[in-house]
Structures are given as structure tokens and as C-alpha cells.
Amino acid sequence: MSSEWFGRRAFLRLCSACAACLTSTTTRPVRAAPPQNARAALKIRPHAVAIQMKPYAWVDEGIDSALDNLQQKGAVNTVWAYTYDYSEARMTREGSIPLPDHGKPGSPEFVGGAFYDYDPKFFRDTVLKDFRSPDYGKFNVITEVAPKAKARGMDFFAWDYNNAVPLMNRNIPNYSRVTEIDVYGRRTTSPCFNHPDYRAHLSGKIESLLIGYPSLVDGIAWGCERMGPLQNMIGGTWSTAGISCFCEHCRAKARGREISVVRAQQGYRRLDQLFRAASRDERPVDGYFVTFWRTLLEYPEILSWENLWTDSYHEVRSELYGIGKSIAPEKPFGFHIMQNMSFSPFYQAEEDYSRTKDYTDYLKLATYNNAAGPRMASYLDRLSATIFHDARPQDFLPFYYKIMNYTEGPYDQLHTSGLSADYVARETRRAIAGVGGQVKIWPGIDIDVPTRRTDKRTTPDDVRKSVRAAVGAGADGVVLSREYVEMWLANLSAAGETLRELWSRG
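These numbers come from a predicted model, not from an experiment.

Draft legend 1. Geometry of a nonpolar patch on the surface. On the surface, Phe289, Trp293 and Leu297 cluster together into a nonpolar patch covering about 340 Å² of accessible area. Overall, tryptophan 293 belongs to the partly exposed group, its relative accessible area being 46%.

Draft legend 2. Spotlight on empty space enclosed by the protein. For the coordinates displayed, the defined rule picks out 6 cavities of 30 Å³ or more. Around the second largest cavity, the lining residues are Met227, Gly228, Trp309, Thr310, Tyr313, His314, Arg317, Tyr347, Glu350 and Glu351. Secondary structure elements with two or more residues in the lining of the second largest cavity: helix H12 (301-327) and helix H13 (345-350). Looking at the lining of the second largest cavity element by element, the count peaks at 5 residues for H12.

Draft legend 3. Highlighting the pairing of strand S7 (residues 219-223). Taking burial as the measure, the 5 residues of S7 include 5 buried ones, the bulk of the element. Where burial is concerned, the two faces of S7 agree: the one with Gly219, Ala221 and Gly223 and the one with Ile220 and Trp222 are both buried. Inspection of the sheet shows strand S4 (residues 155-161) paired to S7 by 5 bridges, in the parallel sense. Looking at the pairing, alanine 158 lines up with isoleucine 220 of S7. Two strands pair when backbone bridges link them, and S7 and strand S8 (residues 333-337) are joined in this way by 3 bridges, in the parallel orientation. Following the sheet pairing, alanine 221 is matched in S8 by glycine 334.

Draft legend 4. Expanded view of the packing of aromatic side chains. For the coordinates displayed, the defined rule picks out 33 aromatic pairs. Taking 5.9 Å as the distance between ring centres and 90° as the angle between the ring planes, the aromatic pair formed by tyrosine 82 and tyrosine 161 counts as edge-to-face. Here tyrosine 82 is found in strand S2 (residues 78-85), whereas its partner tyrosine 161 is found in strand S4, with 79 residues between them in sequence. The pair tyrosine 82 / tyrosine 161 is uniform in exposure class, with both members buried. Geometrically, the ring pair formed by phenylalanine 246 and tryptophan 305 is stacked, given 4.5 Å between the ring centres and 15° between the ring planes. With phenylalanine 246 in the loop between helix H8 (229-234) and helix H9 (248-256) and tryptophan 305 in helix H12, this residue pair connects regions lying 59 residues apart in the sequence. Each member of the pair, phenylalanine 246 as well as tryptophan 305, carries the same accessibility label: buried.

Draft legend 5. Representation of the confidence of the model for the chain. Mean pLDDT for the chain: 91, with 92% of residues reaching 70 or above. In this model, residues 1-8 is a region of pLDDT below 50 whose contacts with residues beyond four sequence positions or in other chains number 11 contacts. Within the model, pLDDT remains below 50 along residues 13-33, and this stretch shows 31 contacts once partners closer than five positions in the same chain are excluded.

Draft legend 6. Looking closely at the environment of serine 208. When you line up the elements, serine 208 lands in helix H7 (residues 196-210). Assessed through its relative accessible area of 1%, serine 208 is described here as buried. With near-sequence residues (within four places) excluded, serine 208 lies in contact with Tyr116, Tyr118, Phe122, Phe123 and Tyr213. Engagement of the side chain of serine 208 in a polar contact is seen with the backbone oxygen of lysine 205, the distance being 2.8 Å.

Cut-offs applied
- Residues numbered from 1 in each chain as written.
- Predicted model: local features only at pLDDT ≥ 70, side-chain atom pairs only at ≥ 80, totals over all residues.
- Heavy atoms only, no water.
- Patch = residues over 30% accessible without salt bridge, like charges linked within 9 Å, V, L, I, M, F, W, Y side chains within 5 Å.
- Areas by Shrake-Rupley, 256 points an atom, 1.4 Å probe, with all protein chains shown as cover.
- Salt bridge = Lys/Arg side-chain N within 4 Å of Asp/Glu carboxyl O.
- Buried < 20%, exposed > 50% of the residue type's maximum accessible area, 1.4 Å probe, protein only.
- 1 Å grid on protein atoms, 1.4 Å probe; cavity = no way out; pocket = protein on both sides within 12 Å on 5 of 7 lines; lining within 4 Å.
- Points joined across faces, edges and corners; volume = space filled by probe spheres on them.
- Helix = DSSP H or I, 4+ residues; strand = E, 2+ residues; numbered from the N terminus.
- Pairing = 2+ DSSP bridges.
- Phe/Tyr/Trp six-rings, centres within 6.5 Å; stacked < 30°, edge-to-face > 60°.
- pLDDT = per-residue confidence, 0-100.
- Contact = heavy atoms within 4.5 Å.
- Polar contact = N/O pair within 3.5 Å; in protein donor to acceptor, adjacent residues only side chain to side chain.

Here it is in C-alpha cells:
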């Protein structure tokens, strides 16, 4: 083990400790500033065309064959290869998400984990040490794919995807020790961002990728679709189980901010009672929204606890970015922004681009406009089931469109029409304005993002319109989304043809 690695590790931990002390006496966490030369030294493509690649895509189709499709059909120059994954959803011919015209039907047997070999030294400070995936004969996606991609002039990014998946609780030893605790004292299946062992696990992965594979990994793409306790209660597809977290680490952080743990618990339990009553249509005397707002006024600790969770999430991402920049300042390090950012005015207030820009080189936006129709309808349904249970989605949709700055169709057509390419353009422009031009914006282009068979499905013309909308709005690059394994080749080709046409002009 090199003394250089230990020096960096000790320095980073000292910075984290200092930040924790400062955070305990302030209302906002102190974010560690990235090295001054981080962005000056950055090597990032001006017209990046990235695509997310599941580990089994390489195994099923062959690395060279898959790379041929990416380059020739999709004009891809940046591979986002899953290096950590617990959410494999293999498709079958007759499944709810049909297998497209490439790939193989999948098996339900899957363990998940890291799809690369790592040195245990990077995980000496965490109980989460054993997570190497045994799938596909311990396939190492970095050593197998990166050399072939780079030989073709393509960049290889490690796609470090950290959604909370119940499978992790079963397959990672000691995982249950780092999970959140809900307002009723029950363990959930979601890890706590304030647990030191989980933080060490996350930082160890970044170190193991950038130090362990310095000549093969060209950049980091980091993703996690999580929300705080209030956001989870309001709902949407991205909710995780539990009104949390109230573990010892979150309680200690709250006390440092002079937030009453007891009153926060009382407030969240009161809200839980209100939303349970809504599920039974037991309307309070003054209605659901008035009662919701009155509860916030009576228990301001509800919002304080939500803010604590969100600050912790920003803190973790900032810390990981700082680690990445201290190791390889020239390598791009960026974040996936989940689609709820464009649906929920409440989540939008928390995932603030003007804040996130301080610790990223690029942002990938989940602007999947075809799937956005069903997803938006689902979110509106949840609002109608909770804080707006006094009304139907049809009743408040015009107001919702105005506050979100959208011009889209009626509620009863969202599932079958999706959202327009204008949605992609508006979200791209909003992100560019939010970061003030300081970081790159790469919208996600919807290419067969899964929906029900009766919902809107992608066509080549849809893809062309979305690509033109993103580029026309000023996007620096795009990420063909969600996964290559879901895409029909005609739709992938439509993206590549349009991108070549647009970006060949200069």
C-alpha cells in the first residue's frame, strides 16, 4: 500500500471531520471546495454522446458486436458501463418490457454487486467490504470492455449506480447495519447517507475505480434516485420505503442543528395519520391541504428534518466529487439527476442546480419525454392521494403546468401521448440557466424507456425530435437512455443519424 494513498485518505478524512464540526453549528452543511485546478485541467468531450450499458449486454451480445452497434448506429463516443448494479431487469419476448431486436432473453437469477475487481484496502474503514458480483463468471467490465472501447476512440466511464434495492439487503454482508431507521423505529432497506460505514463504502468505490484503474477509467458517472422523508410521503415512482431516517447518526446531526428529534417524530407521525386518512377518504373538517399546511406550521421540525436529509445527500455527493478530483482532476465526474426533478415542484426546490453546480463537471438529466407522460400521471395521482386529496389531477393540472412551465396535453392522454420534445428543450434550458454555464449539461434522450404495452412507445421520429430539442436548447452532450438493452435498433439509429447531422455542422 503506497504512502501516497494513505496520505490522500488521511487528508480527506480530516477535511470530512472538520466539515462535520462546522456543520453541527450551522443550518447548512459546509461543502468542501474542489481543488482550484479541477475544472481547468478537465478533459471532457465537447459533443459527448453517452449510453448506459448493463453488464449482461456485453456478455449476451459480445463486446465487439455491442460496440459496433453503439458507434455505427448511435454515434456513441462515451460508454457508461455499470460497474456497480443491483437492479438487473432482464427482458423476455413476452414480458411486460419486451425484448427488442437484439440481445437474449434473461434469467431471473441475479446477485449483483461490483462488476470489477477491487483492492480490499479501499474498504478497510467500512463493514461493507464483500460486494464483488459473482454473476457472469465474475465478469470484469473494466478490463474486458475499456481497452476495446478506447481502441475505437471511445471514452469509458464507470457508471456507479447507487439506488436502494432490496436485493442489496440480502446479498451484501452487514448491509442491514447501515440502513435507515424510520419514524417508528423500524429498519428499512435504504442505506443512510449519514452512516460512516456507508459513506466509507461509497468513497472506497470511487478510490478503487480511479486509483485501481488509472489508465482505463476516463470518468465517473454517479447516480442515486433517493428522496427525503417528506418527499417519500408525497410519493411518486422514486419513493423508498420508510419515513426516515431517525438513526443515531441522523439524531446526532439534528441535535447539532438544534432540531428536536421528538417533535420531528411527532410531526411525521401526524402527517402519516393524515395521509392514511386520505387513503380511506376520511376528510378532515378543513380539508386535506389546509390540514397538511397546519401540521407544517405546528411542527416546523418536519421541514427541518427533510432539509437535514437533503443536505446530507448534497454533502455525500460533494465529498465524492472532492475525492475524485483529488485523485484525477482531469477526469470528468458528474451526476445523474432523476426525472422527479422535472415533475415535483417540491423536489425541484431541493435538487437546486445552482447548488449542485459547485461539485460537478456535468449533469445528466433524466428528460425521458415519452415515458414522462405515464410517469407524470403517476406523480399527479400521488399528489391527489395526499396533500391535494381535495381535488382530482384533472382539477389542478392547468395550475400545475403553469408553476412547472410546461405546455402539455390533458391528464387523460398523458399515458398514451407522453410529453412533447418541448419538455426536453425546456428542462435543458432550465438546467443551463441554473448552473450558469459553469458545468456541462447532458440531457437523457428517451429511447424505449420502459412503459406499459398500452402506454406511449418510442418511435424513430420521437427520437429525432428529442435530439433536436436537446441540441437546439444548447445541450453540451446527450446520454442515450435508459439502457442499450431496452432499445430497438431503429430508434438507436435515429439518434445517431440526427446527432451526426446536427453536430457535423460545427
